[in-house]
Structures are given as C-alpha cells and as structure tokens.
Amino acid sequence: MSVDLATEINLQDELILDPDAAAALFLEARTANSFAPDEISEATLQAVYTLTRMGPTAMNIQPLRITWVRSAEARERLVAHMNDGNKDKTLAAPMVALLSYDTDWHELLGSTAPHAAGMAPMFAENVEGRLAMAANNAHLQAGYFVVAARSAGLAAGPMTGFDNAGMDAEFNAGSTHKSFMVVNLGKPNGVIDRPRLHRLDFDVATATL
Ligand SMILES: Cc1cc2nc3c(=O)[nH]c(=O)nc-3n(C[C@H](O)[C@H](O)[C@H](O)COP(=O)(O)O)c2cc1C
C-alpha cells in the first residue's frame, strides 16, 4: 500500500506504526458508504470488540453497548428508523452495529472500578451527571470502535442520522440503553465516492501555551 506522508514533518519518523498500518487506520481509511459483499464473521466482531473495550473511559465505566444487526428481519426494523439518505446503504451493508450507551453504568462499578464502587449510590441520585458521563464516554468508545474495525480489516460508516426515540422503542425497550449511533461495517470495496474533505491544520486546531 502506498502512503503519501507529505506534511511539514516527516510523519513516519514520529510514528511507531508501520506505514501500512498508519494508512489502514488513519491516512487512507475512509468513511464507507458501500462495501465488498463478504460476510463478517463472529470472530471478526469479537476481535473488534476486544480492541474497542481497551480504550480508556472515565473511571473505566465502559457505557458502550453494541447490538449487531445481522439478520434481514432485524435490518428492516432498523432501517425503518434511519433517515432516508441512510436507508439503502444500511440495508446493503454486510454488518451493522447499533451503538447505545447504558444509562445505568454505575451498577457495574463493582466490577469495572471496584475502588469507586462506593460512589454508586451518589451516581444513582445524580441522573443528569450519570447520563452525561454515559453519552460522553460511549462517544469516545465509538471512536475506538471505528479504529478497531479498521484494525480488523473492515471499513466503517458511522451515522447519527436516525430517529433515536424510534430506534430505542424498537431495540432498547425495557432496558436502560439509549441508541446514539449506527455503524455500517464491511470489507472495503475500494470505491471512493467523494473527495476527502479538508482536515484542519495543526495551527488552526491546536494551541501551545
Ligand atoms: C458521529 C458521526 C455521524 C455521522 N452521521 C452520518 C449520517 O447520518 N449520514 C451519513 O451519510 N454520514 C454520516 N457521517 C459520515 C461523515 O460525514 C464522515 O465520516 C466524514 O465526512 C469524514 O469522511 P471520511 O472519513 O471519508 O474522510 C457521520 C460521521 C460521524 C463520525
């Protein structure tokens, strides 16, 4: 895989990833709207989750919950709640992950953060703070999820264009899970359907004090 590392620095000199890995995870990876038809195995999904869960979360709370929407029947139910522009590609994707966050992550503190288990009653009372932590940390985990999928040779198409309340009624009824993202997954098919959009320069997006 050729990698264009042209930048003001010699990027590769600064990385511990080899050029192919840097390309696959970041530099050449694109948000995918279509995929190769290959089925995605259960083992691949387990590999994606195994990497995803290692990314850091506040107090190690790990609020992300994933529903793998593989069957045609479940896919139809999911797509019914997607925005029109997201429907066809979601129906056609080899695998789809519905990402939710668990609002009641504090109930698992005994295993995820035994040192902080005593804070569970405080979080039980503090609903607003608990939901903010759930949403913030699950979105972080969604980022890890996309990079984990790429690490397993998959392309990812994250989307927030759907009816969250409808999706929750369909898939999360009776649970403490709230949907926040749908991610289409599949092997890359090499199709680039639009140019890469501009990424902000170092001087625009960062400041050194
Ligand atoms: C949180 C999030 C929500 C997104 N929602 C949608 C969506 O609803 N529909 C869609 O077509 N693309 C959606 N996208 C895709 C983005 O437009 C795309 O990732 C971005 O333009 C970067 O594209 P690139 O990875 O090919 O450079 C979403 C991406 C993210 C990360």
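Residues numbered from 1 in each chain as written. Predicted model: local features only at pLDDT ≥ 70, side-chain atom pairs only at ≥ 80, totals over all residues. Heavy atoms only, no water.

1. Considering the domain arrangement of the protein
Selection rule: In this entry, domain limits derive from an automatic or database-based domain assignment. In short, buried area is how much 1.4 Å probe accessible area vanishes from two parts on joining, totalled over both. In the sections that follow, a salt bridge refers to a side-chain nitrogen of Lys or Arg positioned within 4 Å of a carboxyl oxygen of Asp or Glu. Residues adjacent in sequence count toward polar contacts only when both atoms are side-chain atoms; beyond that, a polar contact is any pair of N or O atoms within 3.5 Å, and within protein one must be able to donate a hydrogen and the other to accept it.
Taken domain by domain, the protein holds domain 1 (1-30) and domain 2 (31-194). Look at where the C-alpha atoms of domain 1 and domain 2 centre, and you get two points 27 Å apart. Taken over both partners, the interface formed by domain 1 and domain 2 buries close to 580 Å², and the fraction arising from carbon and sulfur atoms is 51%. The tally of links from domain 1 across to domain 2 stands at zero salt bridges. Here domain 1 and domain 2 share three residue pairs in polar contact (both at pLDDT 80 or more) between them.

2. What about the packing of helix H4 (residues 72-79) against helix H9 (residues 164-171)?
As a reminder, the rule being used: The convention used is that axes are lines fitted to C-alpha atoms, helices contributing only their stretch in contact, and that angles between N-to-C directions extend from 0 to 180 degrees. Secondary structure elements follow DSSP: runs of H or I no shorter than four residues count as helices, runs of E no shorter than two count as strands, and numbering proceeds from the N terminus. Any angle that falls under 35 degrees is termed roughly parallel, while one over 145 is termed roughly antiparallel, one within 65 to 115 roughly perpendicular, and all others oblique. In what follows, a contact means two residues having at least one pair of non-hydrogen atoms within 4.5 Å.
Across the interface, H4 lies against H9 with an axial gap of 9 Å and an inter-helix angle of 150°. Taken together, the axes of H4 and H9 are roughly antiparallel relative to one another. Residues Ala74, Arg77 and Leu78 of H4 pack against Met167, Glu170 and Phe171 of H9.

3. Examining the packing of H4 against helix H5 (residues 84-92)
Note the following rule: When the near helix sits turned anticlockwise from the far one by under a right angle, the crossing is termed left-handed; a clockwise turn instead gives a right-handed crossing. Residues are grouped as follows: nonpolar covers Ala, Val, Leu, Ile, Met, Phe, Trp, Tyr, Cys and Pro; charged covers Asp, Glu, Lys and Arg; every other residue, Gly included, is treated as polar.
Interaxial distance between H4 and H5 falls to 10 Å at its minimum, and their mutual angle equals 170°. Between H4 and H5, the angle falls in the class roughly antiparallel. The element H4 and its partner H5 pack so that their crossing is right-handed. In this structure, H4 uses Arg75, Glu76, Leu78 and Val79 to contact H5, whose residues at the interface are Lys87, Thr90, Leu91 and Ala92. Per-class residue counts for the contact of H4 with H5 are four nonpolar, one polar and three charged.

4. Describing the site of the ligand
Keep this limit in mind: Working definition: residue near molecule or strand if any one of its non-hydrogen atoms lies within 4 Å of it. Methods summary: accessible areas were calculated by the Shrake-Rupley approach with a probe of 1.4 Å, and residue burial reflects only the protein chains presented.
Close to the ligand lie Arg30, Thr31, Asn86, Lys89, Pro158, Met159, Thr160, Gly161, Met181, Arg194, Arg196 and Arg199, which account for all nearby residues. With respect to the ligand, the side chain of Thr31 contributes an N or O atom lying 2.6 Å from an oxygen atom. Between the ligand and Arg194, the relevant distance is 2.9 Å, taken from an oxygen atom to a side-chain nitrogen or oxygen of the residue. Look at the ligand: alone it shows 630 Å² of surface, and the protein chains cover 63% of it. Split into classes, the residues belonging to the shell around the ligand amount to three nonpolar, four polar and five charged.

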